[in-house]
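A look at the structure
If you want the building blocks of each chain, they are given just below.
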Amino acid sequence: MTADPGSAVNRRPLRSCGATAALSVALLLSSCTSSGVRGAAGSGGVGDPLFPSLGNGGYQVRHYGLDLDYDIKKRHLDATADLTAVAKTDLRSFQLDLQGLRVTEVQVDGEKAEFSRKGHKLTVRPAEGLRKGAEFRTRVDYDGTPQEMKDPDQSTEGWVKTRDGAFVSGEPAGSMTWFPGNNHPQDKATYDFTITVPKGYTAVANGELRSERTAKGHTTFRWHSGRPMASYLATATIGRFEVHTSRTPEGLPLYVAVDPAEAKASKKPLEKLSEIVKWETKLFGPYPFASSGAIVDDTPKRIDWLALESQTKPVYAGAPDTVTLVHEMAHQWFGDSVTPKTWADTWLNESFATYAEWLWEEREGGKTPQQQFDALYKDTKDPDRWAFPPGKPGQAKNVTGTPVYERGAMLLQELRNAVGDKTFFTILREWPAEYRYRNADAQDFIDFCQERTDEDLEPLFKKWLYEKGKPELTD
């Protein structure tokens, strides 16, 4: 994600690096919807240290099939979500995350299921219990007017209405404003999107466009995302876009959708997209997905962040600059392919994306990463940089705070100094290869680095990742 550096909100990568005030509070509370449920009832929440009520226990989703019909004029959504999942234990009920919207029917394996709502939890009670290890399919029919939401850091995300459609982003919780699911990074799945909009509008989602058909005044777009994806990375952005399709010299398909109001300012940066993908592939290893691209929208002023690394197609809240593209594309490796196990390890996403910015600037003749480090360390104008250690953000509002980005990137520079360039750049390639399409946490990364050097890295990570205050430099 990338944040607007001029915003009062902490550096939230163009939003990489997301409702009401009541919901913001609710997300911080432990799940209370299952307080009276024991045994074979799936839990609400997975114990995330920052967002304990997000996600659900008892099952793992394998695939989402989302069928969305959006009336732009009425701002009304008619939708069906088909989830294929596997029970991780015997279940007599399970929960899904869905904020707002009206659920009209739920089926499990073709049989009608009882359901109830409390907060953003939809509790489903199948006609028959689910056995551990069994694959089951859940269909949820729902409709209504999707709503945006306000995050604990007061930024806006979710289904954000625009003058010609919707700007759809989901970090950390916004996906539940438009589809029911297991809304936590550790539950990754494949996706198919069928999105119907009035003729003349474009609906852009993750992955590859399988078909586009117009009939009776409406156009239906079918998108397929075949690699595991965390729910917060899903998008279904709708508008009147100028669409450009191409391929990189290496053959990777690119799909770029730009709002005409942002086309002129976006032109030069977007022309570098192919070059950026090639450069980052040399640094980080093979590009992890079957396509790439960008969605640049003309968004409301209340969107005060720059971008979010939606898988295969980052969404940009206005025309991006080149460095923002570098940041969000780096997330395709760090954050999208390799995803944190919990929100407390968002630094694993943002440190690498920020460090990619530093390497790009050096490539373009600017400061070296060490000079970036030195400038930030000497700077006294932004005390927020040392407000908390990136490995212990402490509060949900800090999930995309300045230390997660800058101090995280400074940690990587200290790691580079400790292990040397050869080992460091090997880590940059082998880490996303080792955990490709999986989840990882800080200890996974620490162990991974330690296995590749004889240097004792424990003091470095302890100081830069976990200790409070401004770390002292050692000779």
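Residues numbered from 1 in each chain as written. Predicted model: local features only at pLDDT ≥ 70, side-chain atom pairs only at ≥ 80, totals over all residues. Heavy atoms only, no water.

1. Considering the sheet that holds strand E8 (residues 121–125)
The strand order across the open sheet built from three strands is E4-E8-E7, with neighbouring strands paired in antiparallel fashion. Looking at which strands have only one partner, the edges of the open sheet turn out to be strand E4 (94–97) and strand E7 (114–118). Strand after strand, the sheet turns through a mean of 25 degrees between neighbouring axes, direction not considered. Inspection of the sheet shows E4 paired to E8 by four bridges, in the antiparallel sense. Within E8, the residue paired with Gln95 across the bridge is Thr123. (Pairing = 2+ DSSP bridges. Helix = DSSP H or I, 4+ residues; strand = E, 2+ residues; numbered from the N terminus. Axes fitted to C-alpha atoms, helices over the stretch in contact; angles between N-to-C directions.)

2. Examining the packing of helix H5 (residues 347–363) against helix H6 (residues 369–378)
One way to put it is that H5 packs onto H6 with a least axis distance of 8 Å and a crossing angle of 120 degrees. The angle between the axes of H5 and H6 places the two elements in the oblique class. Two secondary-structure elements touch here, H5 through Tyr355, Trp358, Leu359, Glu361 and Glu362 and H6 through Pro369, Gln372, Phe373 and Leu376. Tallied by class, the residues present in the contact of H5 with H6 amount to six nonpolar, one polar and two charged. (Parallel < 35°, antiparallel > 145°, perpendicular 65-115°, else oblique. Contact = heavy atoms within 4.5 Å. Nonpolar A, V, L, I, M, F, W, Y, C, P; charged D, E, K, R; others polar.)

3. Examining the side chain of Asn206
By the secondary structure assignment, Asn206 is in the loop between strand E14 (202–205) and strand E15 (208–215). A distance of 3.0 Å separates the side chain of Asn206 from the backbone nitrogen of Thr235, its partner in a polar contact. Of the polar contacts made by the side chain of Asn206, one reaches the backbone oxygen of Gln311; its length is 3.0 Å. Setting aside residues no more than four positions away along its own chain, Asn206 makes contact with Phe193, Trp223, His224, Ser225, Met229, Leu233, Ala234, Thr235, Ser310, Gln311, Thr312 and Lys313. (Polar contact = N/O pair within 3.5 Å; in protein donor to acceptor, adjacent residues only side chain to side chain.)

4. Considerations on the UniProt feature "domain: Aminopeptidase N-like N-terminal" (unreviewed entry) in the protein chain
Cross-referencing UniProt, the feature "domain: Aminopeptidase N-like N-terminal" (unreviewed entry) maps to residues 62–233 in the present numbering. Annotated as 0% helix and 60% strand, the span residues 62–233 places its first and last C-alpha atoms 16 Å apart. (UniProt positions renumbered as here; feature names shortened; annotations may be inferred.)

5. Observations concerning the UniProt feature "domain: Peptidase M1 membrane alanine aminopeptidase" (unreviewed entry) in the protein chain
When the UniProt feature table is mapped onto this chain numbering, "domain: Peptidase M1 membrane alanine aminopeptidase" (unreviewed entry) sits at residues 324–464. Helix makes up 58% of residues 324–464 and strand 3%, with an end-to-end C-alpha separation of 25 Å.

6. Overview of the packing of aromatic side chains
Scanning all chains against the criterion turns up 34 aromatic pairs. On the basis of an interplanar angle of 55 degrees and a centroid distance of 6.0 Å, the ring pair of Trp159 and Trp178 is categorised as tilted. Here Trp159, found in strand E11 (residues 156–162), pairs with Trp178, found in the loop between strand E12 (165–169) and strand E13 (189–198); they are 19 residues apart in sequence, far enough to count as distant. What makes Trp178 buried here is its relative accessible area of 0%. Seen from their ring centres, Tyr355 and Phe424 are 5.4 Å apart, and the 65 degrees between their planes marks the pair as edge-to-face. Residue Tyr355 is located in helix H5, and its partner Phe424 is located in helix H8 (residues 421–434); the two are separated by 69 residues in the primary sequence. Summarising the burial analysis for this pair, Tyr355 and Phe424 share the class buried. Across from the ring centre of Tyr201, 4.1 Å away, lies the NZ or CZ of Arg240, which sits over that ring. It is Arg452 that lies over the ring of Phe448; its NZ or CZ is 3.6 Å from the centre. (Phe/Tyr/Trp six-rings, centres within 6.5 Å; stacked < 30°, edge-to-face > 60°. Buried < 20%, exposed > 50% of the residue type's maximum accessible area, 1.4 Å probe, protein only. Lys NZ or Arg CZ within 6 Å of the ring centre and 35° of its normal.)

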